[in-house]
Amino acid sequence: MFSGSIVALITPFNLDGEVDYVSLKKLVDYHVAAGTDGIVAVGTTGESSTLTIEEHVKVVSKTVEFAEGRIPVIAGTGANATHESVTFSRLLNNSGVAGCLSVTPYYNKPTQEGLYLHYKAIAEESDVPQILYNVPGRTAVDLLPETVARLAEIENIVALKDATGDLSRIAKHRELCGEDFILLSGDDATGLDFVRLGGQGVISVTNNVAAADMATMFRLAREGRFEEAEIINQRLMPLHKKLFTESSPIPVKWAAHKLGLIEYSGLRLPLTELSEASKPIVAQAMSEACIY
């Protein structure tokens, strides 16, 4: 259901700090033309934490509208309060999304039982497939494989986005969750190796600015042509790494602006625009990756 090269889409803002829907449509068209396999709208890379609930739902709905059925759209529905994630799930039930992606609750550091009950509550209020999202480097909580296995028994929890970068977990997840459970990488630098070891794809930041290359790379991987895929991966490796030279999505928004994909590289506080010191670092990575 979910596989290949999926973009963790940025949310463009205009100079007044409002969502720029003209640029959003441009981004959707860019990914359709590039062959991207799916879009995550208003995930954490889409600055979900700084959008209001009304903005959040509208951006997802407009992304679905702009996609016009040409590419599946996954809605980011994560929050650190279960009732908020449940609200997003309810509001997006009939929006046309192909699934929902929910990050583990950040800051409050729930127990494994708390994580289980959190995701169970979300799944029970949704009619669409659910994707778990584990990124302990950003949330300070780790969704352990044993808890993922418990959650995989719930009918509409179908996948995990694993951004730990720990490739040893792939075999563990596969053993505990079965062959039908979908495993997606959330770490660009190890994404191709993740698929080589049994994952189905990646939800990617790099994809925002190198969509065609990422689509080709994971198409080759699906076909078992890993040597050819690795050539592309090594060319993109500077991006995989330097797009995190400051907190994401700061660098990738600047890169998207430099490529003319969005009109303005602005973010909402507490995030600030890319520093002068980091601009040449990201520009060099773009040059080395042959996208600029």
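Residues numbered from 1 in each chain as written. Predicted model: local features only at pLDDT ≥ 70, side-chain atom pairs only at ≥ 80, totals over all residues. Heavy atoms only, no water.

## A short note on the nonpolar core
Our working definition: By nonpolar core we mean a set of buried residues, namely Ala, Val, Leu, Ile, Met, Phe, Trp, Tyr and Cys, connected to one another through side-chain atoms within 4.5 Å. Only protein chains enter the area calculation, which uses a 1.4 Å probe; residues under 20% of their type maximum are buried, those over 50% are exposed, and those in between are partly exposed. Only DSSP runs of H or I with at least four residues qualify as helices, and only runs of E with at least two residues qualify as strands; both kinds are numbered from the N terminus onward. Here, residues are in contact when the closest pair of their heavy atoms is within 4.5 Å.
Within the largest apolar cluster, 57 residues are counted, with the highest numbers of intra-cluster contacts made by Val209, Leu239 and Leu243. Top element by residues in this core is helix α2 (residues 53–67). It accounts for six residues. Not counting residues within four places of it along the chain, the set of residues in contact with leucine 239 comprises Thr206, Val209, Ala210, Ala285, Met286, Ala289 and Ile291. If you look at the next biggest cluster of nonpolar residues, it comprises 20 residues, including Val86, Ala123, Val141 and Ile170.

## Notes on the packing of aromatic side chains
Put simply, the rule reads: Here a pair means two rings of Phe, Tyr or Trp (six-membered ring of Trp) with centres within 6.5 Å. Their orientation is stacked below 30 degrees between planes, edge-to-face above 60, and tilted elsewhere. By the criterion adopted, a ring carries a charge over it if an Arg CZ or a Lys NZ lies within 6 Å of its centre and within 35 degrees of its normal.
The full count for this structure, using the stated rule, is zero aromatic pairs. One Lys or Arg, arginine 150, reaches over the ring of tyrosine 116 and ends 3.8 Å from the middle of that ring.

## Digging into the environment of lysine 62
Along the chain, lysine 62 falls in helix α2. Overall, the relative accessible area of 22% leaves lysine 62 in the partly exposed class. Along the primary structure lysine 62 and asparagine 14 are separated by 48 residues, whereas in three dimensions their C-alpha atoms are 16 Å apart. Once you skip the residues sitting within four places of it in the chain, lysine 62 turns out to touch Tyr21 and Leu24.

## Side note on the pattern of salt bridges
Here is the rule we go by: The term salt bridge refers to a pairing of a side-chain nitrogen on Lys or Arg with a carboxyl oxygen on Asp or Glu at a separation within 4 Å.
Applying the stated criterion across every chain yields a total of 20 salt bridges. A salt bridge links arginine 70 to aspartate 29; the shortest N-O distance between them is 2.7 Å. Placement of the pair is arginine 70 in the loop between α2 and β3 (73–76) and aspartate 29 in helix α1 (residues 21–34), with a sequence separation of 41 residues. Judged by its relative accessible area of 25%, aspartate 29 falls in the partly exposed class. Glutamate 68 serves as the salt-bridge partner of arginine 70, at 3.9 Å between the closest nitrogen and oxygen. Among the residues examined, arginine 70 registers a relative accessible area of 40% and is labelled partly exposed. It is possible to trace a salt-bridge network through shared partners that takes in Lys25, Asp29, Glu68 and Arg70.

## Structural notes on the packing of α1 against helix α9 (residues 211–222)
Spelled out, the test is: Axis lines are fitted to C-alpha atoms, over the contacting stretch for helices. Their N-to-C directions set the angle, which ranges from 0 to 180 degrees. Crossings are assigned a handedness: left-handed for a near helix turned anticlockwise from the far helix by less than a right angle, right-handed for a clockwise turn. Under this grouping Gly is polar, as are all residues other than the nonpolar Ala, Val, Leu, Ile, Met, Phe, Trp, Tyr, Cys and Pro and the charged Asp, Glu, Lys and Arg.
Packing of α1 against α9 leaves a shortest axis separation of 8 Å and a crossing angle of 35°. The two elements α1 and α9 cross, and the hand of that crossing is right-handed. Between α1 and α9, the residues in contact are Tyr30, His31 and Ala34 and Ala211, Ala212 and Ala215, respectively. A breakdown of the residues in the contact of α1 with α9 according to their chemical character gives five nonpolar, one polar and no charged.

## Topic: the UniProt feature "binding site: pyruvate" (unreviewed entry) in the chain
In plain terms, the rule: UniProt positions are given in the numbering used here, feature names are shortened, and annotations may be inferred rather than shown by experiment.
Feature annotation in UniProt places "binding site: pyruvate" (unreviewed entry) on Thr45 and Ile203, given in this structure's numbering. In three dimensions, the annotated residues from a span of 159 residues occupy one location, with a maximal C-alpha spread of 10.4 Å. With respect to the helices, strands and loops of the structure, threonine 45 is situated in the loop between β2 (38–41) and α2. Among the structural elements, isoleucine 203 can be located in strand β8 (residues 201–204). Setting aside residues up to four positions removed in sequence, isoleucine 203 forms contacts with Ile6, Ala8, Val40, Leu101, Lys161, Leu184, Ser185 and Gly186.

## As for the UniProt feature "site: Part of a proton relay during catalysis" (unreviewed entry) in the chain
As recorded in UniProt, the feature "site: Part of a proton relay during catalysis" (unreviewed entry) lies at Thr44 and Tyr107. Despite a sequence span of 64 residues, these residues sit close together in the fold, their greatest C-alpha distance being 14.3 Å. Take threonine 44: it is sitting in the loop between β2 and α2. Aside from chain neighbours lying at most four places away, what touches threonine 44 is Val103 and Tyr133. In this structure, tyrosine 107 sits in the loop between β4 (99–103) and α4 (112–124). A relative accessible area of 71% places tyrosine 107 in the exposed class.

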